[in-house]
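Structural overview for review
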Amino acid sequence: MGVASLGYIGFEVSDLKAWDGYLTGFLGLMRGRGNGTSARYRMDDRAFRIQLEQGKADDISFIGLEVETLEGLQELRERLEKAGVRHSPASDNLKKERGVRDLLVLTDPAGLQVEVYVGATALTNVPFNSPAGVSGFMTGGQGAGHVVLASEKMDEVRDFYTRLLGFRLSDTIGIPISPDFTLVLEFYHCNPRHHTLALAPMPAPKRLHHFMVEMATLDDVGFAMDRIGECGVKQTMTLGKHSNDQMVSFYAATPSGFEVEVGTAGIEVHDDVWRVTHHEVTSMWGHKRV
Ligand SMILES: [Fe+2]
């Protein structure tokens, strides 16, 4: 058994105030209870899905991967030990800070902090209420969304997420860069979301290329597009539909420079019937660079 979903994402950002306006006013996330030096944002009944910390990196700083049960976490702990992978049990402080029952801290081969946890805090007594009127985010069993990580250590990173943590390949997309070089992106799932993780084998100034939040309806995405101007956001890609997960989405720059994909209606992957395929384009239509 591997991890079940992407539970939360942490970003280290230089402009907390700009991010606060971006997440609440533009993306429609709800402010959660902060925690000393961090700010937290909700997408559903969970205490937080995105955490911001002040810093210079302007990049992703950690991901939280959720395991369904205490036994599942124990199984994973044993697997990591057998494989000789360094991990540390979280301090009581960190567990309390993240609001989880138990947690292991790992570092992926590209240096990203990966927190595998069980027992997140759910605030069903404080209903999610989007300040921008988003009708809802597709989370639940599919987790917070997806992240696309760039790394030159593709073999090690792939091995870490698949063999150790249980991610499964959904498909690949080849992007011709030159007559004799095609960049192959790899898309991985750990639940019915088509991809929770995508890997791009390339050097990049930041670990994160983009993260994606999936809204409940096409209207939510349309209203978010209407807020681009009002919120002074820079759109980076036009509305389009991806070839593999068939997500209808657009892209915008975050205050930290990396991008967010705002989408809806992505297809689901079910392991018993899914077949791995390869695509020659990233999008069926749209997604033109702005
Ligand atoms: Fe994406």
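Residues numbered from 1 in each chain as written. Predicted model: local features only at pLDDT ≥ 70, side-chain atom pairs only at ≥ 80, totals over all residues. Heavy atoms only, no water.

Describing the layout of surface pockets
Spelled out, the test is: Detection works on a 1 Å grid of protein atoms alone, calling trapped sets that fit a 1.4 Å probe cavities and calling open sets with protein on both sides within 12 Å along at least five of seven lines pockets, with lining residues defined by an atom within 4 Å of a point. Grid points are joined across faces, edges and corners, and a volume is the space filled by probe spheres set on the points. Strands here are runs of E lasting at least two residues and helices are runs of H or I lasting at least four, both read from the DSSP assignment and numbered beginning at the N terminus. For this scheme, ten residues count as nonpolar: Ala, Val, Leu, Ile, Met, Phe, Trp, Tyr, Cys and Pro. Four count as charged, namely Asp, Glu, Lys and Arg, and the remainder, Gly too, count as polar. In this entry, domain limits derive from an automatic or database-based domain assignment.
Size it by volume and the largest pocket reaches roughly 430 Å³. Elements supplying a minimum of two residues to the lining of the largest pocket: β9 (146–150), β10 (168–178), β11 (181–189), β13 (208–214), β14 (235–242) and β18 (283–286). Here the residues of the lining of the largest pocket are counted per class, giving twelve nonpolar, ten polar and four charged. If you add up the space inside the second largest pocket, you get close to 200 Å³. Going through the elements one at a time, β7 (102–107) and α4 (154–164) are the ones with two or more residues in the lining of the second largest pocket. Class assignment for the residues of the lining of the second largest pocket results in six nonpolar, three polar and three charged. Here the lining of the second largest pocket spans two domains, since at least three of its residues come from each of domain 1 (5–118) and domain 2 (140–286).

Side note on the domain arrangement of the protein
Stated formally: By definition in these notes, contact holds between two residues if any of their heavy atoms fall within 4.5 Å. The term buried area means the drop in 1.4 Å probe accessible area that two parts suffer when joined, counted for both and summed. Each reported salt bridge corresponds to a side-chain nitrogen of Lys or Arg within 4 Å of a carboxyl oxygen of Asp or Glu. Whenever two N or O atoms come within 3.5 Å, that pair is a polar contact, provided that in protein one can donate a hydrogen and the other can accept it, and provided that, for residues adjacent in sequence, both atoms are side-chain atoms.
Domain parsing of the protein yields domain 1 (5–118) and domain 2 (140–286). Just the C-alpha atoms count here: the centres of domain 1 and domain 2 sit 19 Å apart. At the interface, 36 residues of domain 1 touch 43 residues of domain 2. Taking both sides of the interface into account, the surface hidden between domain 1 and domain 2 amounts to around 3,100 Å²; carbon and sulfur atoms contribute 72%. Its largest share of buried area at the contact with domain 2, domain 1 owes to Tyr22, Phe26 and Pro109, together 21% of the area lost on that side. Along the contact surface separating domain 1 from domain 2 lie zero salt bridges. The interface formed by domain 1 and domain 2 contains 14 residue pairs in polar contact (both at pLDDT 80 or more). Listed by contribution, the elements that provide at least two residues to the side of domain 1 that touches domain 2 are β1 (5–13), α1 (16–26), β5 (59–66), α2 (70–82), β7 and β8 (113–118). Taken together, the residues of the side of domain 1 that touches domain 2 break down into 25 nonpolar, five polar and six charged.

Things to note about the sheet that holds β11
Quick reminder of the rule: Two strands pair under a simple rule: DSSP has to find at least two bridges between them. All axes are obtained by fitting lines to C-alpha atoms, using only the stretch in contact for helices, and the reported angles, taken between N-to-C directions, cover 0 to 180 degrees.
Sheet architecture is open: ten strands sit in the order β17-β10-β11-β12-β9-β13-β16-β15-β14-β18, paired in mixed fashion. The open sheet has two edge strands, β17 (277–279) and β18, and neither has a second partner. The sheet shows a mean angle of 25 degrees between the axes of neighbouring strands, direction not considered. Bridge count for β10 against β11 is nine bridges, and the pairing is antiparallel.

Description of the sheet that holds strand β6 (residues 88–89)
Read from one edge to the other, the open sheet built from eight strands follows the order β2-β3-β4-β1-β5-β8-β7-β6, with strand pairing classed as mixed. At either margin of the open sheet sits one strand with a lone partner, and together these are β2 (30–31) and β6. One ladder, built from six bridges, connects β7 with β8; its direction is antiparallel. When the bridges of β8 are listed, Asp102 appears paired with Val118. The sheet contacts of α1 involve β1, β2, β3 (38–42) and β4 (50–54), and relative to β4 the element is tilted by about 165 degrees.

Observations concerning the coordination of the iron ion
Applicable threshold: Donors, by definition, are the N, O and S atoms found within 2.8 Å of a metal, the threshold being 3.2 Å for Na, K and Ca, and water is not counted, so a site can look incomplete. Exposure categories follow from relative accessible area, calculated using a 1.4 Å probe and restricted to protein chains: below 20% of the type maximum is buried, above 50% is exposed, and the middle band is partly exposed.
All of the protein donors around the iron ion are His146 (NE2), His210 (NE2) and Glu261 (OE); their distances to the metal are 1.9 to 2.2 Å. Of the residues examined, His146 reaches a relative accessible area of 1% and is grouped as buried. We classify His210 as buried; its relative accessible area is 6%.

So, the nonpolar core
Quick note on the threshold: Take the buried residues of types Ala, Val, Leu, Ile, Met, Phe, Trp, Tyr and Cys, join any two whose side-chain atoms come within 4.5 Å, and each joined set is a nonpolar core.
If you look at the biggest cluster of nonpolar residues, it comprises 58 residues, and the most contacted ones within it are Phe11, Leu27, Tyr161, Leu165 and Phe211. Considering each element in turn, this core owes the most residues, five residues, to α4. Counting residues domain by domain, this core receives three or more from each of domain 1 (5–118) and domain 2 (140–286). With residues up to four places along the chain from it excluded, the contact list for Phe211 reads Ile9, Phe11, Trp19, Leu27, Ile50, His146, Val147, Thr254, Phe258, Glu259, Val260 and Glu261.

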